[in-house]
Amino acid sequence: TRPLPARLDVSLQLSPGLLAYDAIVLADIDPSIFTADELWNLLAYVEAGGGLLLFAGPNAFNKAQRGWGPLAPALPIDIALRPMKQTTLWNDAVRAETTATLPVVLADHPVARGLAAPLGGTPTWQVATLRAGALVATAGDCPLIAAHRYGRGRVLTVAAFPTGQPGDLFTAPGWPDLLRQGVLWLFGRDQDLAVARYDADLAAIPAGETRVFALE
């Protein structure tokens, strides 16, 4: 990974910093690699209108060594830390990896709306609870994909990661469209995707005449 830009304020610090990006994707990232200032900068980025997409992984979410600290209020889920790396201060036994493959079920959310292709299942779902925002997809009781508006920005969490095996969510026919709509939602483009009302005069339009069309 690359260090995060430290500057955010264009007018005061003459650099857009993180705000140069429409969205930031963090996949299989343990928050312990970030400094406190970098986590605060990520929070400020979301508050100012940025989009943040978090993926689980073998070193992230349940398996991370530390939580998201100041960024946690912006996340739609609370993540149960269950790190595999042990220290003298960690007294619990090492927990076995999750093996049950759970089917992915879409919820009623703009990210999932209109999707019909199969999404398979996932054996890598992570233990989490919905804290704020809304569900996009579930795997059993797990909020597999969750969305949250925070400040002027948006956050999407995916509490699973690819296995590369057939039938996995990330190789399923429906995954590309689900990911595409998720990114559009992060960009604030979900409002563009649905037409609530359309009124039009269907008569032919002779040359030189005008018609009024209403689109909401």
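Provided above is the structure to which this section pertains.
What counts and what doesn't
Residues numbered from 1 in each chain as written. Predicted model: local features only at pLDDT ≥ 70, side-chain atom pairs only at ≥ 80, totals over all residues. Heavy atoms only, no water. Helix = DSSP H or I, 4+ residues; strand = E, 2+ residues; numbered from the N terminus. Buried < 20%, exposed > 50% of the residue type's maximum accessible area, 1.4 Å probe, protein only. Contact = heavy atoms within 4.5 Å. Areas by Shrake-Rupley, 256 points an atom, 1.4 Å probe, with all protein chains shown as cover. Core = buried A, V, L, I, M, F, W, Y, C linked by side-chain atoms within 4.5 Å. Pairing = 2+ DSSP bridges. Expected span 1.5 Å × (residues − 1).

Draft legend 1. Highlighting the overall build of the protein. Each helix and strand in the protein was counted, giving three helices and 11 strands. Listing each helix as α and each strand as β along the protein from the N terminus yields α-β-α-β-β-β-β-β-β-β-β-α-β-β. Looking at the protein residue by residue over its 216 residues, the buried ones come to 38%. Contacts in the protein between residues far apart in sequence, at least 24 positions, make up 61% of those at least 6 positions apart. For the protein, the computed accessible surface area is about 12,000 Å², with 57% contributed by carbon and sulfur atoms.

Draft legend 2. Region of interest: the nonpolar core. In terms of nonpolar packing, the biggest core is built from 48 residues, with Leu-26, Trp-68 and Ile-145 touching the most fellow members. Other than its neighbours up to four places away in sequence, Trp-68 contacts Leu-26, Ile-29, Pro-31, Phe-34, Leu-39, Leu-54, Leu-75 and Ile-79.

Draft legend 3. Main features of the pairing of strand 7 (residues 134–139). Direction of pairing for strand 4 (residues 102–106) relative to strand 7: antiparallel, over a ladder of three bridges. Across the sheet, the residue bridging to Val-105 is Thr-138, located in strand 7. In terms of strand pairing, strand 7 meets strand 8 (residues 142–150) through four bridges, oriented antiparallel. Along strand 8, the bridge assignment pairs Ala-139 with Cys-142.

Draft legend 4. Up close: helix 2 (residues 36–47). Helix length check: helix 2 (12 residues) gives 17 Å between terminal C-alpha atoms against 16 Å at 1.5 Å per residue, within 8%. Every buried residue belonging to helix 2 is among Glu-38, Leu-39, Asn-41, Leu-42, Leu-43, Tyr-45 and Val-46, and all of these are buried. Taken together, the buried residues of helix 2 touch strand 1 (23–27), strand 2 (51–55), strand 8 and strand 9 (153–158). Looking at the residues trailing helix 2, positive phi occurs at Gly-49, about 120 degrees.

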